[in-house]
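Letter by letter, the chains look like this.
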Amino acid sequence: MAAAADTSEASAAGLALAEANINWERLDKTRFHAIGAILFTAQQGVLHPTAVVKTRLQVAEGGLAHMSGFAVFRRILRSDGISGVFRGFGTSAVGALPGRVLALTSLEISKEMTFKYSERFDMSEASKIAVANGVGGLVSSICSCAYFVPLDVICQRLMVQGLPGMATYRGPFDVINKVVRMEGIRGLYRGFGITMLTQSPASALWWSAYGGAQHAIWRSLGYGNDSPTKPSQSELVAVQATAGTIAGACSSIITTPIDTIKTRLQVMDNYGSGRPSVMKTTRLLLDEDGWRGFYRGFGPRFLNMSLWGTSMIVTYELIKRLSVKPE
C-alpha cells in the first residue's frame, strides 16, 4: 500500500506535483495508523463479500463450481442471510490491524533507509525511488507473509464451513486448535511457500500496469514534463483511481490460477494419505475441472482486485493527507 503512494509520488514529480510527496518523516505516526485502521477496515468490509464468493467458488465441487459469482452470492444470501457473505470478516478485520501496522511501518522505514543509502550513488531521482520502493516492498512482503498467511488460513476456513466435505468451527480459535492438533503449527502456514514465491512478481505486475496506465492517462489529458499547468487534486485522485482499477484487472487475469491453488491448499483436507502439496492440489483441480478449474472465482476476484486497486490508492492518499504533521 505504501508503495502505491511512492509510485504515485514519483509520477507526480514528473508532472510538477512535488507537493504531493508526503514522506514518512512528515507523518504523525499515531494518527496515520489510527486513521488507516478505520479507513482500511471500512474498505475491507465493503470488499469482503467478493472474497467470500471467490473463496467458495475456488474450493467448491460439483454444480456450485460452475455457477456465476452472482448466483453464488444469491445462494449464500438465501441460505445464510447477510451474515453468510461476511463470514470471517470479524477475524480478518481485527487480525489484520497489527499486520497492517507491521507491513506499512516496515515498508516505509526500509524504503527511506534505502533511498538515503542510494544518495551516495550516481543515480537519477526516478531510479532511486524505484530501487527504494523495490527494497521496501520486498521487506514488507516478507513481514506480511509471515503474519498474514496464518490469518488467511483461519479466515478462509471460516468462509467455506458448511460446504460439503468442509469442517465446521465455533470461531477462529477453534480453527487454530483443530488445525494445530491435526498438523501442528505448520498447518497454519499452508500455502506460505507459494505465497512468498508469487507475491513479489504479482506485485511487480500490479505496479507495472499501474505505472503504464497512469502515464498513458496523463498523456491523453495533455499533461507532460513540460506542461505549464498542474493537475488539480481531483484530477490526481481520478487518474490514480482509474489506473488502479486497470492494474487490478490486469493482475487478476494473470494471478487467479495461483490464487486458486493457494486457496484450496489452505482450506481443503480431503487428500487421502499424506500432507497436502502444491502438486497434489494442482492434480486434484485438473481432475475435477480441467484447465478452466484454475479460473474458478475469476469474476469475483476480477471485481475484488479492480475495486481494491481503486480504493487502496484513493484511501492511502487520503490517509497520508490527513496524517501530515502541522507545520
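Conventions used here
Residues numbered from 1 in each chain as written. Predicted model: local features only at pLDDT ≥ 70, side-chain atom pairs only at ≥ 80, totals over all residues. Heavy atoms only, no water. Helix = DSSP H or I, 4+ residues; strand = E, 2+ residues; numbered from the N terminus. Buried < 20%, exposed > 50% of the residue type's maximum accessible area, 1.4 Å probe, protein only. Contact = heavy atoms within 4.5 Å. Areas by Shrake-Rupley, 256 points an atom, 1.4 Å probe, with all protein chains shown as cover. Patch = residues over 30% accessible without salt bridge, like charges linked within 9 Å, V, L, I, M, F, W, Y side chains within 5 Å. Salt bridge = Lys/Arg side-chain N within 4 Å of Asp/Glu carboxyl O. Core = buried A, V, L, I, M, F, W, Y, C linked by side-chain atoms within 4.5 Å. Phe/Tyr/Trp six-rings, centres within 6.5 Å; stacked < 30°, edge-to-face > 60°. Lys NZ or Arg CZ within 6 Å of the ring centre and 35° of its normal. Axes fitted to C-alpha atoms, helices over the stretch in contact; angles between N-to-C directions. Parallel < 35°, antiparallel > 145°, perpendicular 65-115°, else oblique. Polar contact = N/O pair within 3.5 Å; in protein donor to acceptor, adjacent residues only side chain to side chain. pLDDT = per-residue confidence, 0-100.

Visitor: Explain the overall build of the protein to me, please; I cannot follow it from the model alone.
Guide: Counting secondary structure elements, the protein contains 11 helices and 0 strands. Across the protein, helices and strands are ordered from the amino to the carboxyl terminus as α-α-α-α-α-α-α-α-α-α-α. Counting all 327 residues of the protein, 48% fall into the buried class. Contacts in the protein between residues at least 24 apart in sequence constitute 78% of all its contacts with a sequence separation of at least 6. Accessible surface, the protein as shown: approximately 15300 Å² in total, 65% of it carbon and sulfur.

Visitor: Whenever I open this one, a nonpolar patch on the surface confuses me. Can you help?
Guide: On the surface, Ile 253, Ile 254, Tyr 295 and Phe 302 cluster together into a nonpolar patch covering about 360 Å² of accessible area. Relative to the helices and strands, Ile 253 is located in helix α9 (residues 233-267). Take Ile 253: its relative accessible area is 40%, and that puts it in the partly exposed class.

Visitor: Can you help me understand the nonpolar core in this one?
Guide: Generally speaking, soluble globular proteins have nonpolar side chains that are buried together. Counting 16 residues, the largest nonpolar core has Val 59, Ile 76, Met 159 and Val 160 as the members making the most contacts within it. Where this core is concerned, the elements lending two or more residues are α2 (29-59), α3 (69-80) and α6 (125-160). A total of 5 residues in this core trace back to one element, the largest contributor, which is α2. Sequence-distant contacts of Met 159, defined by excluding residues within four places in its chain, comprise His 48, Ala 51, Val 52, Thr 55, Arg 56 and Arg 87. Formed by 14 residues, the second largest nonpolar core is a distinct cluster that contains Trp 206, Ala 213, Leu 236 and Ala 247.

Visitor: What's the story with the pattern of salt bridges in this structure? I'm lost.
Guide: Note that side chains of opposite charge can pair when their charged atoms are close. Enumeration over the complete set of coordinates arrives at 8 salt bridges. In this structure, the salt-bridge partner of Lys 116 is Glu 25, at a minimum N-O distance of 3.0 Å. With Lys 116 in helix α5 (residues 89-118) and Glu 25 in the loop between α1 (2-13) and α2, this residue pair connects regions lying 91 residues apart in the sequence. On the accessibility criterion, Lys 116 (49% relative accessible area) is partly exposed.

Visitor: Can you help me understand the packing of aromatic side chains in this one?
Guide: Centre distance and the angle of the planes are the two values used to describe a pair of aromatic rings. Overall, the coordinates contain 7 aromatic pairs when judged by the stated rule. With a centroid separation of 6.1 Å and an interplanar angle of 75°, the aromatic rings of Phe 86 and Phe 89 are classed as edge-to-face. The ring centre of Trp 24 lies 5.1 Å from the NZ or CZ of Lys 29, which sits over that ring.

Visitor: Got a minute to help me understand the packing of α2 against α3 in this structure?
Guide: Two quantities define a packed helix pair, namely the angle between the helix axes and the distance between the axes. Relative orientation of the contacting elements α2 and α3 amounts to 100°, with a least axis distance of 10 Å. Classified by the angle between their axes, α2 and α3 sit roughly perpendicular to one another. Across the interface between the two elements, Pro 49, Val 52, Val 53, Arg 56 and Leu 57 from α2 touch Gly 69, Val 72, Phe 73, Ile 76 and Asp 80 from α3.

Visitor: Can you walk me through the side chain of Thr 256 in this structure?
Guide: With respect to the helices and strands, the residue Thr 256 is situated in helix α9. Given a relative accessible area of 0%, Thr 256 falls into the buried group. Of note is the side chain of Thr 256, whose polar atom sits 2.6 Å from the backbone oxygen of Ser 252. Setting aside residues no more than four positions away along its own chain, Thr 256 makes contact with Gln 58, Phe 294, Tyr 295, Arg 296, Phe 298 and Arg 301.

Visitor: I tried to follow the confidence of the model for the protein on my own but got confused; where do I start?
Guide: As a general rule, the predicted coordinates of low-pLDDT regions are not to be interpreted in detail. Looking at the protein as a whole, its pLDDT mean stands at 78, while 83% of the residues score no less than 70. Mean pLDDT in the protein bottoms out at α1, which sits at 43, and peaks at helix α7 (residues 172-183), which reaches 91. Low pLDDT, under 50, characterises residues 1-20; the predicted model gives this stretch 50 contacts beyond four residues in sequence or across chains.

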